[in-house]
Amino acid sequence: MSFHSAAAQLVTLAAEGEEHGGNHNSLNPAITGGGALIILLLLLWITTRFNRDR
């Protein structure tokens, strides 16, 4: 597959995405962001529990 044909396929795929809006009905940005924040805070808490030697 050449670079030109791969680029052409990506352009076609991107143009098709505009028709559908790109968002799924079940994806709520607030819930997705809140879930990511909770997971990151949990990972931060776990990391600080294992790093008590300082």
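Residues numbered from 1 in each chain as written. Predicted model: local features only at pLDDT ≥ 70, side-chain atom pairs only at ≥ 80, totals over all residues. Heavy atoms only, no water.

Asker: Explain the overall build of the protein chain to me, please; I cannot follow it from the model alone.
Answerer: The number of helices and strands found in the protein chain is two helices and zero strands. Here the protein chain holds 54 residues, and the buried ones make up 0% of them. Carbon and sulfur atoms form 67% of the exposed surface of the protein chain, whose accessible area is close to 5,300 Å². (Helix = DSSP H or I, 4+ residues; strand = E, 2+ residues; numbered from the N terminus. Buried < 20%, exposed > 50% of the residue type's maximum accessible area, 1.4 Å probe, protein only. Areas by Shrake-Rupley, 256 points an atom, 1.4 Å probe, with all protein chains shown as cover.)

Asker: Please clarify how a nonpolar patch on the surface should be interpreted in this entry.
Answerer: Together, Ile39, Leu40, Leu42, Leu43, Trp45, Ile46 and Phe50 line one region of the surface with nonpolar side chains, adding up to about 790 Å² of accessible area. Judged by its relative accessible area of 48%, Leu42 is partly exposed. (Patch = residues over 30% accessible without salt bridge, like charges linked within 9 Å, V, L, I, M, F, W, Y side chains within 5 Å. Salt bridge = Lys/Arg side-chain N within 4 Å of Asp/Glu carboxyl O.)

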